[in-house]
Amino acid sequence: MKKIDFRTDVLPLKNELYRLALRITLNPAEAEDIVQDTMIKVWNRREQWDEIESIEAFCLTICRNLALDRNKKADNQTAQLDDSHDPPDRSYASDPEEQTVQRDRIQLVRQLIEQLPEKQRSCVWLRDIEGKAYKEIAEVMGINEQQVKVNIFRARQTIRQKYLETERYGLQIHRTTD
């Protein structure tokens, strides 16, 4: 097994941990706190590092669990990501109208993803956005690979169906605050 070094193996994961925490909490400040707490927990378990097969999966699991715990405590399900996290789309740079349509489509898909159940939302995020393998996602989520595939399939089906309904009927998707 590889000798794990905090500076070279754990610290570079901070951006990935932040994105995962942000995807779960939908709150940038909470996500930053969760990453900090994750780093502290990982450091405090440094005696166990030699037994860990994947330090990345270990860190992501801790981060996910902390984020879920924070969500339960804060009941933060109604917050949304702001548009500042979307990179600008340059593919239609010459046509402002097409840029606006594309931006609206991205926002719609983002809203649809946010409405998914947490397990589906996390699986889709880790697979489609972070590019993780099914095995890694299974480790992070604490489920088997088949369950990961089922969650991703169901999430994509739901997103596709709601997207088509919205496009067909012009319905707007709005989150309600309780």
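Residues numbered from 1 in each chain as written. Predicted model: local features only at pLDDT ≥ 70, side-chain atom pairs only at ≥ 80, totals over all residues. Heavy atoms only, no water.

Novice: What exactly am I supposed to notice about the overall build of the chain here?
Specialist: Check the secondary structure of the chain and you find 8 helices and 0 strands. Sequence-ordered secondary structure for the chain, helices as α and strands as β, is α-α-α-α-α-α-α-α. Buried positions account for 39% of the 178 residues belonging to the chain. Long-range pairs, those at least 24 residues apart, make up 67% of the contacts in the chain with a sequence separation of at least 6. (Helix = DSSP H or I, 4+ residues; strand = E, 2+ residues; numbered from the N terminus. Buried < 20%, exposed > 50% of the residue type's maximum accessible area, 1.4 Å probe, protein only. Contact = heavy atoms within 4.5 Å.)

Novice: Sorry, what's going on with the nonpolar core here?
Specialist: Inside soluble globular proteins, nonpolar side chains tend to come together where they are buried. Formed by 35 residues in total, the largest nonpolar core has its most connected members in Val10, Leu17, Val42 and Ile55. Sequence-distant contacts of Leu17, that is, excluding residues within four places in its chain, are made with Val35, Thr38, Met39, Cys59, Leu60 and Cys63. By size, the runner-up hydrophobic cluster in this structure holds 8 residues, among which are Leu108, Leu112, Val124 and Ala155. (Core = buried A, V, L, I, M, F, W, Y, C linked by side-chain atoms within 4.5 Å.)

Novice: What should I look at first to understand the packing of helix α7 (residues 134–141) against helix α8 (residues 145–169) in this one?
Specialist: Helix packing geometry: the angle between the two helix axes and the distance between the axes. Look at α7 against α8: their axes get within 8 Å of each other, and the N-to-C directions meet at 100°. The orientation of α7 relative to α8 falls into the category roughly perpendicular. On α8, the residues touching Tyr134, Lys135, Ile137 and Ala138 of α7 are Glu145, Val148, Lys149 and Ile152. The residue makeup of the contact of α7 with α8, split by class, is 5 nonpolar, no polar and 3 charged. (Axes fitted to C-alpha atoms, helices over the stretch in contact; angles between N-to-C directions. Parallel < 35°, antiparallel > 145°, perpendicular 65-115°, else oblique. Nonpolar A, V, L, I, M, F, W, Y, C, P; charged D, E, K, R; others polar.)

Novice: Sorry if this is basic, but what is going on with the pattern of salt bridges here?
Specialist: Oppositely charged side chains may form a pair once their charged atoms are brought near each other. Taken as a whole and judged by the stated rule, the model has 6 salt bridges. Within the structure, one salt-bridge network assembled from shared partners comprises Glu16, Glu56 and Lys132. (Salt bridge = Lys/Arg side-chain N within 4 Å of Asp/Glu carboxyl O.)

Novice: What is the right way to read helix α5 (residues 96–114) from this model?
Specialist: Because each turn of an α-helix spans 3.6 residues, side chains separated by three or four positions in sequence point in the same direction. Between its first and last C-alpha atoms α5 spans 27 Å; for 19 residues at 1.5 Å apiece the expected length is 27 Å, and the two agree. Taken together, the buried positions of α5 are Gln102, Gln107, Leu108, Arg110, Gln111, Leu112, Ile113 and Glu114. (Expected span 1.5 Å × (residues − 1).)

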